[in-house]
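Here is what each chain is made of, one letter per residue.
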Amino acid sequence: MKILYATSEAVPFCKTGGLADVAGSLPPALAAEGAQVAVILPMYQKVKEKFGDQLNFLCYDYVDLAWRHCYCGLFSLEQDGVTWYFVDNEQYFNRPDLYGYTDDGERFGFFSRAVVRMLPHLAFWPDVIHCNDWQTALVPIYLKDDGVREEQYRSIKTTLTIHNIEYQGRYGQGTLGDLFGLDHGWAEDGTIMMDGDVNLLKGAILCADAVNAVSPTYANELKMAYFAHRLDGIMRQCGYKLSGVLNGIDMKRYDPANDEHIAARFSVADMAGKSVDKAELQKLMGLRQDPNVPIVGIVSRLVSHKGLDLICEVLHDMMELPLQLVVLGKGDQKYEEFFHWAAQQYHGRMAVRLDYNESLSMAIYSGADLFLMPSKSEPCGLSQMIAMRYGAVPIVRETGGLKDTVQPYEAWRDAGNGFTFANYSSGDMLHVIREAVYLYKDYPDAFARLRRRGMECDFSWGRSAKEYLRIYAGITGQAWPPVEEAAPVEEAAPAEEAAPVQEAPAAEPAPVEEAPAVEAAPVQEPAPAVEEPAPAQEPVKKPRARKAAAKKPAAKAEEKAAEAAEKKPAAKKTAAKKPAAKKTAAKKPAAKKTAAKKTEEKAE
């Protein structure tokens, strides 16, 4: 199976969020399962700076976007069993940041157009193009549009993954033709229009052959107005092709036993390094050096749907508990100002860094004892998985992927891998934080077992890759895996055909090798036709009666045959069945049956 993965970011090349982690890990996992995989993404300025000397120039072409005739270069890199393609256009992508520009619609409209028009220059013609979020939402639309005129595009199937439905790619109605180069018919039939605007994500959901969310719970939530940001009706309409596949993490990259970026390595078998990492985090963030106080870590974008309102409401109550709080992230100004102020109020017990730093985030994961994620909505979430991997017990709200990955702690049977609360309530959040802190303080053995269960969870991409391959197989009609599934299909047919063969020996009283055994099989054929008129059964039934009678002297056989002829049709049927039972019970040699036949012929 040939898969082209289209994304706007991917590690290790460029990253702003969880999409990059997914795009950097899923394609190698698909390749490890035996698929032929390539990834295509823009060649940003950051990519040139870090990997420019490793990229191979393949070719260039011109891509038409509405009235624009744009240069498009194509570079490649082989890594982890995957071919990585980079679309080059300095006007659109030679910028310091990935997003946040006023012409983002034009930039990613060009990228989507390039993905489709540059297909002839790639190493293979894909069976499936896997698109991600609104930045590549135009790919399924362009494939449908071009497929009307060019037959080669009709064979390609598309899958769309929704990482966060809040970002939909909405633009004014005038952009349909002037910016994206689409006919007005796309607006008139409602495919790409919503609330008077062009909505790229809506158009992709309707045009894609399969749609999936990044967790099973989030897939169900997208059918509800509270989570779907006005697309709930479209998601319910497309429910037949909607599924949820839980994201994973790179288990090799996020491995505390081999991570060179943390102060001390540790594992489930040897947790000594965890204490060293905790002390280093306290030193790094200016917290009091106290090994007996649990550190609660937060690594997040500071935006409303991350549940930061709950923290703001009860922060003072939280800080009355015996804990330390570390916050890393940036986002909305009101949250940045609040946490900056709070850190000054609780100097030595609370530390805040209004930035995103990869090395500092790993120090928090490895040094924290608890990890807080009270999200209002969370499509999947990777932070809770990474935190568990590094021995930080998660405290989460039961939504999206958080509900699918964190099972609540149950003291009565010593089960679960974290702490959860269901209602979006600051009081409920504070309650479970208290439970977690006091479990750490008063029951260290139980907390250690809880921590160990989290570290042992399997969040590898191999599991998710198999689910994606099943989705691809469903829309392309290809069996996957081609070898493993093909064998049972071939075996199934002989198994069904063998059933009649097994029934014949069960009904045959004589050895299979004897010729009369072949005659015994037809004797049973009339049995299902008991309800048919008697004359149709007589030619078959009479020989069975004669065979049974042949065991006695010929004279008695003639008398019995005469009596049978005088009986009613119902009686004949009953008499015909009884000799058959006697024949099976007797199991005499076939030779005797042959002699009986000769006696019958003489008697006649």
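Predicted model only: the values in this text are computed from it and were never measured. (Residues numbered from 1 in each chain as written. Predicted model: local features only at pLDDT ≥ 70, side-chain atom pairs only at ≥ 80, totals over all residues. Heavy atoms only, no water.)

> What is the right way to read the environment of R117 from this model?
One can find R117 in helix α4 (residues 104-117). Its relative accessible area of 27% is what places R117 among the partly exposed residues. Along the backbone, R117 and Y142 are 25 residues apart, and their C-alpha atoms lie at a distance of 9.4 Å. When near neighbours in sequence (up to four residues on either side) are disregarded, R117 contacts V63, D146, E150 and Y153. Reaching out from R117, the side chain makes a polar contact with the side chain of Y153 at a distance of 3.4 Å. (Helix = DSSP H or I, 4+ residues; strand = E, 2+ residues; numbered from the N terminus. Buried < 20%, exposed > 50% of the residue type's maximum accessible area, 1.4 Å probe, protein only. Contact = heavy atoms within 4.5 Å. Polar contact = N/O pair within 3.5 Å; in protein donor to acceptor, adjacent residues only side chain to side chain.)

> Looking at this model, I keep getting lost on unusual backbone geometry. Mind explaining?
In terms of backbone geometry, most residues other than glycine have negative phi values and most peptide bonds are trans. V11 connects to P12 through a cis peptide bond whose omega is 5°. Topologically, P12 is positioned in the loop between β1 (2-6) and α1 (18-32). Of note, D195 is a non-glycine position whose phi angle comes to about 55°, a positive value. Locating D195 in the fold gives a position in the loop between β9 (193-194) and β10 (197-199). Judged by its relative accessible area of 44%, D195 falls in the partly exposed class.

> Is there a simple way to think about the sheet that holds strand β16 (residues 370-373) in this case?
Paired through backbone hydrogen bonds, the strands of a sheet run either parallel or antiparallel to each other. Sheet architecture is open: 6 strands sit in the order β15-β14-β13-β16-β17-β18, paired in parallel fashion. Edge strands, defined here as strands with exactly one partner in the open sheet, are β15 (350-353) and β18 (419-421). Across the sheet, the axes of successive neighbouring strands diverge by a mean angle of 15°, strand direction being ignored. Where strand β17 (residues 393-397) meets β18, 3 bridges bridge the pair, whose relative direction is parallel. (Pairing = 2+ DSSP bridges. Axes fitted to C-alpha atoms, helices over the stretch in contact; angles between N-to-C directions.)

> Teacher, can you tell me more about the pattern of salt bridges here?
Opposite charge on two side chains allows them to pair when their charged atoms are near. Tallying each qualifying case throughout the model produces 25 salt bridges. Of the charged contacts, one joins D88 and K48 as a salt bridge, the two residues approaching to 3.7 Å between their closest N and O atoms. Residue D88 is found in strand β5 (residues 82-88), and its partner K48 is found in helix α2 (residues 45-51); the two are separated by 40 residues along the sequence. Here D88 falls in the buried class, since its relative accessible area comes to 8%. Between R449 and D414 there is a salt bridge; the shortest N-O distance is 2.6 Å. Of this pair, R449 sits in helix α19 (residues 444-455) while D414 sits in the loop between α17 (400-405) and β18, and the two are 35 residues apart along the sequence. R449 gets classed as partly exposed once you look at its relative accessible area, which sits at 34%. The partly exposed category is assigned to D414, whose relative accessible area is 25%. (Salt bridge = Lys/Arg side-chain N within 4 Å of Asp/Glu carboxyl O.)

> What exactly am I supposed to notice about the nonpolar core here?
Nonpolar side chains in soluble globular proteins generally cluster together in the buried interior. Ranked by internal contacts, the top residues of the largest apolar core, which has 141 residues, are F86 and I205. Not counting residues up to four positions away in its chain, the partners in contact with F86 are F13, L41, P42, M43, V47, L55, G73, L74, F75 and L77. Among the nonpolar cores identified, the runner-up in size contains 40 residues, and V352, V393, Y409 and A446 belong to it. (Core = buried A, V, L, I, M, F, W, Y, C linked by side-chain atoms within 4.5 Å.)

> Looking at this model, I keep getting lost on the sheet that holds β10. Mind explaining?
Pairing is antiparallel across the open sheet formed by 3 strands, whose spatial order is β8-β10-β9. Single-partner strands in this sheet number two, and they are β8 (170-171) and β9. Helix α8 (residues 200-207) rests against β8, β9 and β10 of the sheet, and its axis sits at about 50° to β10.

> Looking at this model, I keep getting lost on the pairing of β15. Mind explaining?
In regular strands, side chains alternate between the two faces of the sheet. Relative to β15, strand β14 (residues 324-328) is paired through 4 bridges, and the arrangement is parallel. The residue of β15 that forms the bridge with L325 is M350.

> I tried to follow the packing of α1 against helix α20 (residues 461-476) on my own but got confused; where do I start?
For any two helices packed against each other, one specifies the crossing angle of their axes together with the interaxial distance. Where α1 contacts α20, the axes come no closer than 9 Å and their chain directions differ by 75°. Comparing the axis directions of α1 and α20 gives the class roughly perpendicular. For the pair formed by α1 and α20, the contact residues are V22, S25, L26, A29 and L30 on the first element and W461, A465, Y468, L469 and Y472 on the second. Of the residues assigned to the contact of α1 with α20, the class counts are 9 nonpolar, 1 polar and no charged. (Parallel < 35°, antiparallel > 145°, perpendicular 65-115°, else oblique. Nonpolar A, V, L, I, M, F, W, Y, C, P; charged D, E, K, R; others polar.)

Interpretation in functional terms is not warranted from these geometric data alone.
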